[in-house]
Amino acid sequence: MTDPAQGHSGFIGWILDLMDSLGELGVGVAILLETFIPPIPSEAVLPGAGFLAYEGRMNVWLAWAAATVGSVLGAWIWYAIGAALGRDRTRRLVGRLPLLDHDDFDKAEAFFVRWGGLAVLLGRCVPLVRSFVSIPAGVERMSIWRFTTYTTVGSGVWNALWIGIGFAFGPAISPALERWSGVLSNVVIVLLVLLVGWFVVKRVRRRSSGSSRLAEHTDGAR
């Protein structure tokens, strides 16, 4: 039998060995860990579970169920953190962050109130976002049943996709998995970094413009 961790070193290799040792339970633990440790890409871990199911070392449906349960448990923990912080405390924290102010929180809150369900549903399929989208859901006290439903559906589809790929392609998935899972994660991270960079530049320019107008107004008043 092929070692699923072959070609993967470090933490990813350890996670794949964990699934091989613990079976379906290991899949759930791996995805729970991925919720809190973003460098563990589920698009690298889940096909490994599918490959193990392909070789008969676990049941593909139980692997999918365990992965989805792990996703939901992780989301509940982040939701609880957001709920513990609460709206007012989170708004104060945002206002103290560099380049952010209370208006940013108010706009984000209005967006989440309108599109929160869709954000949770689609966010489960985006690296990094799938971990942290649960926080505003907790801050806004989205119905736990509604939150759980969106999380379960989004995570279930995502997990089924990647486990299914590993199960369908079997041994052929290993080299492709090593290559493309890293590429996919890197592309998403680069896009997020560019988005953050664009936000920072725009905010610095806005504040500089505001400072210039204030200075002009002060000089005129004199």
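What you see is a predicted model, and the numbers here were worked out from it, not measured in a lab. (Residues numbered from 1 in each chain as written. Predicted model: local features only at pLDDT ≥ 70, side-chain atom pairs only at ≥ 80, totals over all residues. Heavy atoms only, no water.)

### A closer look at the side chain of threonine 148
Stage number 1. Tracing the sequence through the fold places threonine 148 in helix 8 (residues 144–169).
Stage number 2. The exposure class of threonine 148 is buried, given its relative accessible area of 15%.
Stage number 3. Only 2.9 Å separates the side chain of threonine 148 from the side chain of tryptophan 76, close enough to count as a polar contact.
Stage number 4. Sequence-distant contacts of threonine 148, that is, excluding residues within four places in its chain, are made with Val72 and Trp76. (Helix = DSSP H or I, 4+ residues; strand = E, 2+ residues; numbered from the N terminus. Buried < 20%, exposed > 50% of the residue type's maximum accessible area, 1.4 Å probe, protein only. Polar contact = N/O pair within 3.5 Å; in protein donor to acceptor, adjacent residues only side chain to side chain. Contact = heavy atoms within 4.5 Å.)

### A closer look at the UniProt feature "transmembrane region" (unreviewed entry) in the protein chain
Stage number 1. UniProt feature "transmembrane region" (unreviewed entry): in the numbering of this structure it lies at residues 61–86, 150–174 and 180–201.
Stage number 2. Structurally, residues 61–86 is divided into 100% helix and 0% strand, and its ends, taken at the C-alpha atoms, are 37 Å apart. (UniProt positions renumbered as here; feature names shortened; annotations may be inferred.)

### Quick notes on the packing of aromatic side chains
Stage number 1. Applying the stated criterion to the full structure yields three aromatic pairs.
Stage number 2. Between tyrosine 79 and phenylalanine 147 the ring centres are 4.9 Å apart and the planes differ by 35°, which places this aromatic pair in the tilted class. Residue tyrosine 79 is located in helix 4 (residues 60–96), and its partner phenylalanine 147 is located in helix 8; the two are separated by 68 residues in the primary sequence.
Stage number 3. Judged by its relative accessible area of 11%, tyrosine 79 is buried.
Stage number 4. When its relative accessible area of 0% is taken as the criterion, phenylalanine 147 is described as buried. (Phe/Tyr/Trp six-rings, centres within 6.5 Å; stacked < 30°, edge-to-face > 60°.)

### Points about the packing of helix 2 (residues 24–36) against helix 3 (residues 42–54)
Stage number 1. Helix 3 packs onto helix 2 with a crossing angle of 175° between their chain directions and a minimal axis gap of 11 Å. Taken together, the axes of helix 2 and helix 3 lie roughly antiparallel to each other. Mapping the contact onto sequence places Val27, Ala30, Ile31 and Glu34 in helix 2 and Ser42, Val45, Leu46 and Ala49 in helix 3.
Stage number 2. Taken together, the residues of the contact of helix 2 with helix 3 sort by class into six nonpolar, one polar and one charged. (Axes fitted to C-alpha atoms, helices over the stretch in contact; angles between N-to-C directions. Parallel < 35°, antiparallel > 145°, perpendicular 65-115°, else oblique. Nonpolar A, V, L, I, M, F, W, Y, C, P; charged D, E, K, R; others polar.)

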